[in-house]
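Here is what each chain is made of, one letter per residue.
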Amino acid sequence: MTAHRPLRPAGTLGTLGLLLLLFLTLLPAGPAAAAEGPKDRKAVFGVQPAGPEKPDQRPHFSYGVTGGAAVRDQIALWNYGSEPLTLAVYASDAVNTVDGGFDLLAADKKPTDTGSWIKLAKNQVTVKPKSHVIVPFTLTVPAKVTPGDHTGGIVASLSGTGKDAEGNQVRLDQRVGARVYLRVAGAIKPELTVENVRAEYHGTLNPFGTGSATVTYTVRNSGNVRLGARQAVRVNGIFGSSVTAKGVRDLGELLPGNALTVTAEADGVAPLVHASAVVSVQPVATREGVDPRLPSLTRTVSIWAVPWTFLALLLLLVAGFLWRRRRRRTDRRVAAAETDRARQDTRAHPETPETPDKELIVQFTRLLTRRTAAGAAAAAAVVLAGVGVLTVPTASAAPLGTAKVNPATGTDETSIDLTTSAACPAPATNVLVKVAGKGFPAEGKNVVGNSPLTTYPKDPNGAGFIVPLTMTMRDYANEAGFTTLEGRYDLTVVCRKAFGSETFGEFTGSVWFTSDTVYQDTDPGGTPTGTPSGTPSGTPSGTPSGTPSTTDTPTPTDTGSPSATATEGDTVGVSTSIPPSTAAPTTTDPASSGSSGAGGSSGSGGGDGGGLADTGTDPVVLGLLSALLVAVGALAVRWARRRGLITFGSN
């Protein structure tokens with residue numbers, strides 16, 4: 001019994017000791033955490049333009065000045081918190097961030113432009129809770145200064161300490177600023193350039209799958225005014241397919257002398273050996289900026305999209321074929337040796353009946369040598385392919401609905417999308433787009449090649465699909481050999497298959513050019529008109545028409561200035577700048593520019609007979625098919641000759 005008595009008080013004291021130790025351990029943690037809490041809180045303060053006595057409603061500071069001018073103004077510093085704040089106040093130059101945003105130089109970097117021209121009455125201000133302080137400043141412009149836009153800002157900064165995600169003590173610098181836009185009088189030069197366009201293809205392990213492409217380029221403001229830009233990037237395949245890169249944002253404001261590097265990713269690029277990346281940048285005005293009225297900048301770079309996985313599979317198949325072929329040759333040699341031995345045995349023993357030789361199906365004599373036969377087969381394949389192309393009849397398509405032109409108004413440099421009112425019928429797998437009107441061929445000009453329907457996105461607001469034009473109306477006019485766009489032009493989406501001339505309906509939309517650069521999707525005269533005809537090519541007829549008709553010239557309409565800030569949303573289509581033809585412009589007979597009648601004038605395309613332009617078939621595809629026919633014919637002749645079905649006489 002006595003052996004167990006000392007254990008009880010020892011156990012009790014041990015328990016109390018553990019509780020006391022735990023209490024002492026947790027006791028310092030409370031005050032320390034409470035002390036660190038306020039340090040992690042962020043103060044709430046702001047700045048805004050002000051008058052001499054109170055803040056005003058200006059969104060930023062904006063001045064138009066000349067060299068040597070001086071401007072006096074005020075800025076208000078707000079403290080929205082419940083404790084006093086001591087803020088540092090200074091001016092700095094504006095720069096663009098890596099993603100195109102607006103920012104000011106860091107506090108440790110000395111300004112050399114607008115920020116160096118601003119002198120504040122105070123550089124440190126204490127602001128009471130729930131109040132503001134007005135600080136005067138003077139902006140003095142140097143006498144010798146370059147004309148155009150100069151941009152900076154006035155910053156209010158609060159320095160403190162805090163902890164990062166890993167718990168390390170770091171220095172925090174909260175900054176807010178008011179922008180300062182300065183326009184110095186002189187020659188204005190709006191200009192953007194697109195530089196260092198690069199593209200790289202990323203393949204896939206699936207031999208029949210699609211890969212992706214990365215397109216990188218630099219947009220530089222090489223002028224002297226602030227500019228925005230609308231951007232689009234597409235990857236075009238050799239057979240007319242087109243993939244639009246996602247996530248390419250418009251530029252809201254690119255400052256003079258600044259540059260921005262853009263990286264775009266395009267998925268679903270087919271590995272067809274060769275493709276091209278097209279970058280389109282349309283300069284636009286910024287808020288309170290200058291309307292640049294500049295054409296779209298288009299840059300194209302080639303991409304080698306080699307299907308390495310498919311080629312490896314093909315090489316493996318060819319290696320297997322050659323091995324099998326070699327094995328068959330070995331088997332035939334063994335069989336031939338056995339046949340020779342059997343014939344020798346037959347001659348040695350005449351009583352054994354001789355096996356008759358294999359009868360030849362075809363035997364060519366010297367009149368048809370090996371080279372002559374191979375040449376004839378190749379020529380026949382090419383002729384058959386050519387006849388198949390040239391004799392394809394032109395099929396007229398039934399109207400299925402309309403194609404809405406987006407945007408509804410624009411210029412000859414605007415990138416246009418066509419949204420159909422419905423989907424193509426079930427037999428159709430491909431579409432192409434034609435444009436018809438004054439200056440284009442009578443049968444229309446193919447402006448979007450024969451492409452699979454899966455290339456184009458569905459209309460999210462309807463049952464149709466969206467087809468972007470690969471170039472602008474100005475580019476198509478330049479390709480057709482004329483420079484003046486006027487009157488009505490029909491844009492027709494034709495539903496069809498990949499090969500052949502059969503069509504399954506079409507969707508048509510129209511635009512009217514009220515001047516040589518401005519279009520709208522409604523008839524300015526308010527009266528329906530027939531399908532426009534192409535402009536006749538060649539020398540105009542010397543015989544005047546019976547009764548000359550007069551055509552009222554539509555009144556040009558002014559287009560509104562682009563929005564102050566480039567809007568976020570879908571990207572624009574791609575336009576490709578192509579210089580006008582150096583040939584002399586085609587003289588057009590006024591009498592022949594009306595609607596086409598039964599006689600119809602022929603354009604630069606192929607008249608009533610079906611041709612390559614009517615079928616929409618890519619000439620590269622036809623060339624490959626012709627080469628395939630030649631190869632199949634040569635292999636067939638070689639196969640028959642190896643088996644003794646065909647023999648050639650000696651030369």
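Being a predicted model, the structure only gives us computed values, none of them experimental.

Thresholds, definitions, all that
Residues numbered from 1 in each chain as written. Predicted model: local features only at pLDDT ≥ 70, side-chain atom pairs only at ≥ 80, totals over all residues. Heavy atoms only, no water. Helix = DSSP H or I, 4+ residues; strand = E, 2+ residues; numbered from the N terminus. Buried < 20%, exposed > 50% of the residue type's maximum accessible area, 1.4 Å probe, protein only. Contact = heavy atoms within 4.5 Å. Areas by Shrake-Rupley, 256 points an atom, 1.4 Å probe, with all protein chains shown as cover. Pairing = 2+ DSSP bridges. Axes fitted to C-alpha atoms, helices over the stretch in contact; angles between N-to-C directions. Disulfide = S-S within 2.5 Å. Patch = residues over 30% accessible without salt bridge, like charges linked within 9 Å, V, L, I, M, F, W, Y side chains within 5 Å. Salt bridge = Lys/Arg side-chain N within 4 Å of Asp/Glu carboxyl O.

Observations concerning the overall build of the protein
Scanning the protein from terminus to terminus reveals 8 helices and 29 strands. Put simply, the protein has 651 residues, and 35% of those count as buried. Within the protein, residue pairs in contact and separated by at least 24 positions form 72% of the contacts whose partners lie at least 6 positions apart. When the accessible surface of the protein is split by element, carbon and sulfur atoms take 58% of a total near 37,300 Å².

Re the sheet that holds strand β1 (residues 45–50)
The strand order across the open sheet formed by 4 strands is β1-β3-β8-β6, and the pairing between neighbours is antiparallel. At either margin of the open sheet sits one strand with a lone partner, and together these are β1 and β6 (118–120). With direction set aside, neighbouring strand axes in the sheet form an average angle of 30°. In this sheet, strand β8 (residues 131–140) lies alongside strand β3 (residues 70–79) in antiparallel orientation, the contact comprising 10 bridges. Of the residues in β8, the one forming a bridge with L77 is V133.

Focus: the environment of G252
Checked against the element boundaries, G252 lands in strand β15 (residues 251–254). Judged by relative accessible area, which is 28%, G252 ranks as partly exposed. In sequence terms G252 and R287 are 35 residues apart; their C-alpha atoms lie 9.0 Å from each other.

Details of the state of the cysteines
Under the criterion given, the structure shown has 1 disulfide. Across the disulfide from C424 sits C495; the S-S distance is 1.9 Å. Between C424 and C495, the S-S dihedral sits near -70°, and the bridge is therefore left-handed. Here the residue C424 occupies a position in the loop between β22 (417–420) and β23 (430–437), and C495 occupies one in strand β26 (residues 487–496), the gap between them amounting to 71 residues.

Here's the deal with a nonpolar patch on the surface
Among the surface-exposed residues, F208, W308, F310, L311, L313, L314, L316, L317, V318, F321 and L322 lie close enough to one another that they form a single nonpolar patch of about 1,100 Å² accessible area. Looking at the element boundaries, L322 is found in helix α4 (residues 308–348).

Observations concerning the environment of D267
Examined against the element boundaries, D267 turns out to sit in strand β16 (residues 259–269). D267 gets classed as exposed once you look at its relative accessible area, which sits at 56%. Placed 24 residues apart in sequence, D267 and V243 show a C-alpha to C-alpha distance of 7.3 Å. Setting aside chain neighbours within four positions, we find D267 in contact with G211, S212 and V243.

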